[in-house]
Amino acid sequence: MFTEIASVGTSSGVQIYDLRRGTKLGQCVGVAVGARQSFGMSDTWLAAVNEKKAMCHVYILNRGDSSSKLAFPFPEEISCVQVLDGGKYLAAGAKSGRIMIWATGSGRMLGTWDAHYGAVTALASSDSVLVSGGEDAAVHVWVLSQVLDQLAHGDKAVGPIVSINEHTMAISVIDISQAGILAGRGRIYTAGRDQTCKQWRIHVGHDGEQFVGRAELLATFLYSAAVNDIVVDAGETRIFAATSSGLYQTELYAYAKASPDSIKSKAELVALGGTSDAVYSETHVQYATAEADIAAVGLNHDGTLLVTGAREGTVRVWDTSSRQCLRTISDKQLSGGITQVSIRLAPPQLGGPQAQAQVGLQRPEAIAEAMVAPRVSSINFAPLQRLMRNSATAGSTVFEATVKMQLAGGRENMAAFDAQLCCAEPYSETGRADMRLLEALQPTDGTAKQQQLQQQLEQLQRHSARTRALNDELYQSAVTEWLSARQGKI
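Participant: Can you help me understand the overall build of the protein in this one?
Facilitator: On a plain count of helices and strands, the protein comes out with 6 helices and 31 strands. A buried classification covers 47% of the 490 residues belonging to the protein. Summarising the internal contacts of the protein: among those between residues at least 6 apart in sequence, 51% fall at separations of at least 24. Surface summary for the protein: the accessible area is close to 24,800 Å², and the carbon and sulfur share equals 51%.

Structure below.
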C-alpha cells in the first residue's frame, strides 16, 4: 500500500501528517500560510509564500528539518502558487493580477504577463495548460508553450485561448480533470464566492500555428454559502465542497427511472444539471461535522478518504462511502487556523514506496518503521529572479541571483569604462596603418568612410553589450554566494 501524506497550511507554518495513521511526519515553521494556495510541493522540497510579506521560503522535506533552507523576496505580493511539471517550474499569481513563471533549477524568470484586473486567487495546471481565476470573477485558460513563445518574441498582446465570465464574484478554487485539455476531452470545475460551482468542457483546436478554444457549460451547482474549496474524485463522479456553512458531497450522476413509453426496462445513469437546469443545495449531501466554516478539503488518490480543515483549527479524516469521521487530528500548531490542505504520495524520505521497498516486504512492520529512510541532502531550487532578463543579451546561467543591488559609484565607474571602450583611436599602430592603406585605395566620395564608421560603431556596441553582460553575471555570482553564506550562518 502506498503511503499518502496530508500537508496542512496554517498561520504558523505547514504541518505534514501520515494520512492513515495520523502521525506527524514533519513541519515547516517560520512562514504564515494565509491563503488557500500559498504553498506547493515536489518530492524533495516545499515552497511557501509568507502572508505577512512578499517572501518565499523553501524547505527540504526531511524528518526533523523544520527550518527553511532558502528564503528570498518575490518581485511583488503573491496570492497563490502552483507547482508545474513535478517541480521543474513554479507559477505564481500576484495581487496585482500578474502571473509569473520560473524555472526552479536556475531561478530564471521565463515569463510574466497581466492576466486579471484584480488579484489572482486560484491556479490549476494540467500538462502544459495553466488555468487561472481572479477577483474579477474571470477564468482564463492559458497554453504555456504558446504564451512563453509570444513573450520571448516580444509580443505584449498575450491572451488566453479560453475566457470564462459566468461567475459574478471572485473565484475561490479551480479543479482540472485528469483527461488532457489539449486533447479536447478535458473538463474544469470552477467555484467562487457567488455560492456556485460550475462544470465546463474545454474544446481546443488549431488556427494556423496557434491554439484556440471555447468553453461549454455542462452544469451549475448551487450551495447555501460561499464555496471556499472543492475537490473532484478521479472518476469525476463526485464533488466535495467546503463552504462557509459546512461540508457537502454532490453526485454528478444519478439513476433515472425509465418512463412507461421508453423501450428501456431498467433505470439508466444520467448526468445531473445542464446548461439550463441548476442543481440546488437541497440535493447535496451534507456531512455531520461540528465545524461550520470549512476552509479547505483534500481527497486521497482512490477517493476513499477525505480530509477537511476548519478555520478554527480542526483537521478531520472522513470515510467517503459512509460519510463517517474516522479520525480527528489534534495539534497545537493548528490552533492558528487552517487555510490549505494538500494530499499526495509520500516521498521516500518520509516513508514513501521506495523506502518501503528497501526495507523488504517480508520484514515485520515494526522493523520497517525503525529503519531510517534516506535523507535529502540538497535540492534543485535556486533563488528566483525578480526581473525578467532579455535572452538576447545574456543567457541563463547558474549565476542568476535573486536581487540586484546598486553599488556606490557604480554608474560613474560604468560610464568611465564605456568612455575608455569608445575612444577615438581604438586600434593599435599596425591597425591604424592598415586603415590608412584601405582609405587610400577606396574612393574619396565619403560613402566608404561612412560605412567604415558604421561598422566600427556596431563593433563597439557589441563589445559594450558583451562587457555589460559579463559584468552583470560576475556581480550576480558574488551576490548569490553572499546570500548562500548568509543562509548558512542563519
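Participant: Is there a simple way to think about the sheet that holds strand 28 (residues 305-310) in this case?
Facilitator: Note: strands within a sheet are paired through backbone hydrogen bonds, in either parallel or antiparallel orientation. The sheet built from 4 strands is open, its strands ordered 27-28-29-30 with antiparallel pairing. Both edges of this open sheet fall to strand 27 (294-299) and strand 30 (324-329), since each of them pairs with a single strand only. Averaged over all pairs of adjacent strands, the angle between their axes in this sheet comes to 25 degrees, without regard to strand direction. Two elements, strand 29 (residues 315-319) and strand 30, share 5 bridges in a ladder whose sense is antiparallel.

Participant: Where do I start with the environment of glutamate 166 in this structure?
Facilitator: On the secondary structure map, glutamate 166 appears in the loop between strand 15 (162-164) and strand 16 (171-176). Residues glutamate 166 and valine 139, spaced 27 residues apart in sequence, show a C-alpha to C-alpha distance of 8.8 Å. Once residues within four sequence positions are removed from consideration, glutamate 166 is found in contact with Lys198 and Trp200.

Participant: Would you take a moment to explain the pairing of strand 8 (residues 78-84) for this structure?
Facilitator: The side chains of a regular strand alternate, first on one face of the sheet and then on the other. Within strand 8, 7 of the 7 residues are buried, which leaves it mostly tucked inside the rest of the structure. Of the pairings in the sheet, the one linking strand 8 to strand 9 (residues 89-94) comprises 6 bridges and is antiparallel in character. Bridge pairing in strand 9 links glutamine 82 to alanine 91. Hairpin remark: strand 8 followed by strand 9, antiparallel, with 4 residues in the connecting loop; positive phi at aspartate 85, about 55 degrees.

Participant: Explanation requested: the packing of aromatic side chains in the structure shown.
Facilitator: Applying the stated rule across the entire model yields 7 aromatic pairs. Relative to tyrosine 248, the ring of tyrosine 223 has its centre 6.0 Å away and its plane inclined at 55 degrees; by these criteria the two rings are tilted. A residue pair is termed long-range when its members are at least 10 positions apart, and tyrosine 223 in the loop between strand 19 (210-222) and strand 20 (227-232) and tyrosine 248 in strand 22 (residues 246-251) qualify at 25 residues. Grouping aromatic residues by their ring pairs yields a cluster made of Trp45, Phe72, Phe74, Trp102 and Phe381.

Participant: Would you mind going over the layout of surface pockets with me for this structure?
Facilitator: Of the voids in this model, the largest pocket is the one considered here, and its volume is about 1,500 Å³. Taken together, 41 residues make up the lining of the largest pocket; nearest its centre are Gln82, Ser125, Asp175, Ser342 and Ile343. Residue assignment for the lining of the largest pocket shows that the elements contributing at least two residues are strand 4 (39-41), strand 8, strand 12 (120-126), strand 16, strand 20, strand 27 and strand 31 (338-345). Considering each element in turn, the lining of the largest pocket owes the most residues, 5 residues, to strand 31. Of the residues assigned to the lining of the largest pocket, the class counts are 19 nonpolar, 14 polar and 8 charged.

Participant: Help me out: how do you make sense of helix 1 (residues 144-152) in this one?
Facilitator: Side chains of residues three or four places apart in an α-helix project in the same direction, reflecting 3.6 residues per turn. The set of residues buried in helix 1 consists of Leu144, Gln146, Val147, Gln150 and Leu151. What you see down the axis of helix 1 is that its buried residues fit within an arc of 165 degrees, all on one side. Phi turns positive one or two residues past the end of helix 1, at glycine 154, with a value near 80 degrees.

Participant: Sorry, what's going on with unusual backbone geometry here?
Facilitator: Excluding glycine, residues mostly have negative phi values, and the peptide bonds linking residues are mostly trans. The backbone of glutamine 195 sits at a positive phi, close to 70 degrees, despite the residue not being glycine. Among the secondary structure elements, glutamine 195 is positioned in the loop between strand 17 (187-192) and strand 18 (196-207). Classification of glutamine 195 as partly exposed rests on a relative accessible area of 32%. In this structure, arginine 323 takes a positive phi of about 55 degrees despite not being glycine. Within the secondary structure, arginine 323 sits in the loop between strand 29 and strand 30.

Participant: Would you explain the environment of lysine 69 in this entry?
Facilitator: Mapped onto the fold, lysine 69 is located in the loop between strand 6 (55-60) and strand 7 (70-73). Lysine 69 sits 415 residues away from serine 484 along the chain, and the two C-alpha atoms are 9.6 Å apart.

Participant: It is not clear to me how the pattern of salt bridges should be interpreted in this structure. Could you clarify?
Facilitator: Close approach of charged atoms lets side chains of opposite charge pair. What the rule picks out here adds up to 12 salt bridges. The partner of lysine 24 in a salt bridge is aspartate 331, and the shortest N-O contact between them spans 3.0 Å. Pair noted here: lysine 24 is in strand 3 (residues 24-29) and aspartate 331 is in the loop between strand 30 and strand 31, with a separation of 307 residues, a long-range link. The exposure class assigned to lysine 24 is partly exposed, which follows from its relative accessible area of 36%. The partner of glutamate 77 in a salt bridge is lysine 95, with the nearest N and O atoms 3.4 Å apart.

Quick notes on the rules
- Counting restarts for each chain: residues are numbered from 1 in the order of the written sequence.
- The predicted origin of the model limits local features to residues at a pLDDT of at least 70 and limits the giving and counting of side-chain atom pairs to 80 or more, whereas totals for whole chains, interfaces and linings rest on all residues.
- By convention in this description, side-chain values take in all heavy atoms of the structure and omit both hydrogens and water.
- A helix here means a DSSP run of H or I that spans at least four residues, while a strand means a run of E at least two residues long, and both kinds are numbered starting from the N terminus.
- Think of it in three bands: with a 1.4 Å probe and only protein chains considered, a residue is buried below 20% of the maximum accessible area for its type, exposed above 50%, and partly exposed in between.
- Here a residue-residue contact requires only that any non-hydrogen atoms of the pair lie within 4.5 Å.
- Computed with the Shrake-Rupley method and a 1.4 Å probe, the accessible areas treat only the protein chains shown as cover for residues.
- One requirement defines pairing of two strands: DSSP has to find at least two bridges between them.
- As a rule, the C-alpha atoms of each element are fitted with a line to give its axis, helices using only the stretch in contact, and angles between N-to-C directions run from 0 to 180 degrees.
- Pairing of aromatic rings covers Phe, Tyr and Trp, the last through its six-membered ring, and needs centres within 6.5 Å; plane angles under 30 degrees mean stacked, over 60 mean edge-to-face, and all others mean tilted.
- Grid points spaced at 1 Å and placed over the protein atoms alone form the basis of the search, with a cavity being a set where a 1.4 Å probe fits but cannot get out and a pocket an open set showing protein on both sides within 12 Å along at least five of seven lines. Lining residues have an atom within 4 Å of a point.
- Grid points are joined across faces, edges and corners, and a volume is the space filled by probe spheres set on the points.
- Think of it as three bins: nonpolar holds Ala, Val, Leu, Ile, Met, Phe, Trp, Tyr, Cys and Pro, charged holds Asp, Glu, Lys and Arg, and polar takes everything else, Gly as well.
- Summarising the geometry, the arc corresponds to the directions from the helix axis toward the C-beta atoms.
- Salt bridges are identified by distance alone: a Lys or Arg side-chain nitrogen within 4 Å of an Asp or Glu carboxyl oxygen.

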